[in-house]
Amino acid sequence: MIWIGDVLVSQGEGGVYNERMLGNARVWDPFRSKLAALYHDGTGVELTSDTRVLYLGAANGTTVSHVADYVDVVYAVEFAPRPMQDLLEVARRRKNIVPIMADATRPEQYAPLVETVDLVYQDVAQPDQAMIAIRNSAFLKPDGKMILMLKTRSVDVRKEPVVVFEETMEALVSAGFVIQESLWLLPYHQDHAAIVCAKPGV
Amino acid sequence: MRSYWFGDVEDGQCTPAGGDALAKFDRARSITRMDTYVPPDWELAVACGACRDREDYIKKLREVCFAAAERDIREQYSGKDAELLQMVRTLDEMDTVINLLTERAVEWYQLRHPTFTRKYRKTPAHILVKNIRDKSRGALSFVAGEIERLSATRTELAKAVSGRANDVMPNTSALIGGLVAARLMSHAGGLSDLSRLPASAIQVLGARTALFAHLRTKSPSPKHGIIFQHRRVHNAPRECRGKVARVLAGKLAIAARIDHYRGVADPVFLESAQARIDLTGSVTGKVTGKVIGRGNEP
C-alpha cells in the first residue's frame, strides 16, 4: 500500500468523487471508505498490480476506484440500479473494472463472468453476510483471501453488535475459513467490523 | 460441459457463443450450477477464439457487462410505477417545504407588524401568504410570492399524481383514491413490493412510530396508517374505524395484486369490494350478512 506520511493514497486519475489530491496521488479517506479504515486500523491484505479482486457491494464505485488503482482487475458486483449508474461511469474511465449488475446472494447468476480471484472483498448491507461470503468463496484461488466488512446493524438491529460479530466469525470458522484478523473499524465507522480470513487449503 | 460467457467447453473442445454482447450475457446467466463450478479462464477464451490475449479478454468481457447493466438499469426504470414513486415523494416533500416556509414567513411578518396575531382568526394559510405578499415590501414579499407559486405547482402535481395512479394502479385507486393509493405504493417501495405485502401491513403502513411503540411497550396497536387519509376511515364512527380500516386494507391487498399482475381494472371485484367496505361502515359492530361475489374471499 502507498502511504505519504500517514495518509493512505492510491495512484490514478483523480476527480472521481472530488477526493483530495496530494500531487498525483488520490487521498483514500478512512472515514469514507471502510477498506481504507482497515488499512489504518489493522493490516488488511496487500494489493498489488497482479491482484485480481471480486468486489461485492460496489455501490457508487468510490472505494472500487481506489482498489482499481492498485490491482490488475476488479469484478465489481452491485445490485441496485441507481448506484450502478455511478459505478458504470467510474468503470468507463478505469479499464480494469468489470461492472456486473447482479445479486451477490446469487453467485450462480454471474459465475460464468468471473475468473478465480486472489481477494474477495465484501461490503453488503444484507442480513446474511456470512452466507454470502461462504457462497462467493467459490471464486477464490486456493491461497486467496476474503475481507468481510460486517455491517452489524444490517444483520439484526436488535442484537448487540458484539454478538453479531461473534456469530459471523463462528459461521465463517465452521465453514472452514481461517480467520487472520478481526477488528472494529473505530474511530472511523460505528458498528462496523472487518474480518480478514483465508480460504481453506484445497 | 462447462458454460461461460464466451462459449461452452467440453472435453477440451470449445463451442464459441454467438450473438451480440447481450445475447452472450443472457446465455451466461441462464446456465450455471454452483456445485460443479469451475471459474472461466482467459486462456480458455483465447483457445476458443473469443479474444487475442488477456487484455482483449477483459475488454470483451467489459463490453458484455456494460451492455447488460445498461439494459437492466433501463428495464428497472421503465416500470410504470417508478415515475409515480418519484412524483408522490416530490409532492409530500413540497408539502413539508411549503408549510415550513409559510411558518417562517409568518414569523418574519410578525416582526414587522407587532400587532399581528393569528389568534381568533381563521384565515386559511394560502390567504395569509397572499396578504403577506401584498402588505410587505422587498425580500419578504418575494418569499411570500414564491410560496404561492410553490403551492400552485403543488396543486398541479397532485392532479398529475392522481391521474398517473389511476393509470398505474386502477383497482387500488378506485378503492381509496389515486393520491392515497400512490402514497401507499411509495411507502411500500414500489407496486411489486405493495402487492407482496399482507393486508395487516398495508393497514398500518405509515404508522411506523405507533407500530414500534406497540411492539416495544404495552401501548395499543395502531388501527390505521396512511389509509386513515381516506374518508371511509376517518369519517367512520370512532368505535368502528379499526374495523373499516381492516376490511379496507384487506381489499386493498387484493387490489394491489390485481394491479401488479393484471394491470387493468376489474369491475366485478371492485363492485363487491366496495359493497363489503360500505357494509362494514354502516352496520356498526354487527356485520353478519355476507356479500356474494368474488371480492368476498379473504
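Details of the structure are given in the entry above.
Residues numbered from 1 in each chain as written. Chains lettered and ligands numbered in written order. Predicted model: local features only at pLDDT ≥ 70, side-chain atom pairs only at ≥ 80, totals over all residues. Heavy atoms only, no water.

A.B. asks: Which residues make up the overall build of chain B, and what values go with them?
C.D. replies: The helix and strand tally for chain B stands at 14 helices and three strands. Since a compact globule built from 298 residues should have a radius of gyration of about 19 Å, the 28 Å found for chain B marks it as more spread out than a globular shape. Dimensions of chain B, computed from C-alpha atoms along their principal axes, come out at roughly 90 × 65 × 40 Å. Sequence separation of 24 or more characterises 58% of the internal contacts of chain B that already satisfy a separation of 6 or more. Counting only carbon and sulfur atoms, one obtains 54% of the accessible surface of chain B, whose full area is about 17000 Å². When the 47 basic and 34 acidic side-chain charges of chain B are each reduced to a single mean position, those positions are 13 Å apart. (Helix = DSSP H or I, 4+ residues; strand = E, 2+ residues; numbered from the N terminus. Rg over C-alpha atoms; globule rule 2.2 N^0.38 Å. Contact = heavy atoms within 4.5 Å. Areas by Shrake-Rupley, 256 points an atom, 1.4 Å probe, with all protein chains shown as cover. Lys, Arg positive; Asp, Glu negative; His and termini not counted. Charge placed at Lys NZ, Arg CZ, Asp CG, Glu CD.)

A.B. asks: Which residues make up the packing of aromatic side chains, and what values do they have?
C.D. replies: Summed over all chains, the structure comprises eleven aromatic pairs over all chains. An aromatic cluster is defined as three or more aromatic residues linked by ring pairs; in this entry it consists of Tyr4, Trp5, Phe6 and Tyr57 of chain B. (Phe/Tyr/Trp six-rings, centres within 6.5 Å; stacked < 30°, edge-to-face > 60°.)

A.B. asks: How would you explain the pairing of strand 11 (residues 192-198) of chain A if you had to name every residue and give the values?
C.D. replies: Residue and element names in this part refer to chain A. With seven of its seven residues buried, strand 11 lies for the most part within the structure. Residues His192, Ala194, Val196 and Ala198 of strand 11 are buried on one face, and the alternating residues Ala193, Ile195 and Cys197, pointing to the opposite face, are buried as well. By the bridge criterion, six bridges tie strand 10 (residues 178-184) to strand 11 in an arrangement that is antiparallel. When the bridges of strand 11 are listed, Leu183 appears paired with Ala194. (Buried < 20%, exposed > 50% of the residue type's maximum accessible area, 1.4 Å probe, protein only. Pairing = 2+ DSSP bridges.)

A.B. asks: Any chance you could break down the nonpolar core for me, citing the residues and the numbers?
C.D. replies: Counting residues in each nonpolar core, the largest one holds 47 residues, and the members touching the most others are Tyr75, Ile100, Tyr110 and Leu113 of chain A. By residue number, the principal contributor to this core is helix 3 (residues 54-77) of chain B, which donates six residues. If sequence neighbours within four positions are ignored, Tyr75 of chain A has contacts with Val53, Leu54, Tyr55, Val98, Ile100, Leu113, Val114, Glu115 and Val117 of chain A together with Tyr57, Ile58 and Leu61 of chain B. One finds Ala165, Met185, Leu194 and Leu270 of chain B within the second-largest nonpolar core, a separate group that totals 42 residues. (Core = buried A, V, L, I, M, F, W, Y, C linked by side-chain atoms within 4.5 Å.)

A.B. asks: Got a sec to walk through the pattern of salt bridges? Specific residues and values, please.
C.D. replies: Taken as a whole and judged by the stated rule, the model has 32 salt bridges over all chains. Between Arg92 of chain A and Glu70 of chain B there is a salt bridge, with the nearest N and O atoms lying 2.9 Å from each other. Placement of Arg92 of chain A in helix 3 (residues 81-93) and of Glu70 of chain B in helix 3 is noted, with the two residues assigned to different chains. Given the relative accessible area of 31%, Glu70 of chain B is considered partly exposed. In this structure, the salt-bridge partner of Asp134 of chain B is Lys130 of chain B, at a minimum N-O distance of 3.4 Å. Here Asp134 of chain B pairs with Lys130 of chain B, and both are found in helix 5 (residues 125-135), just four residues apart, close to one helical turn. Bridged by salt links that share partners, the residues Glu19, Arg26, Asp69 and Arg94 of chain A form one connected network. (Salt bridge = Lys/Arg side-chain N within 4 Å of Asp/Glu carboxyl O.)

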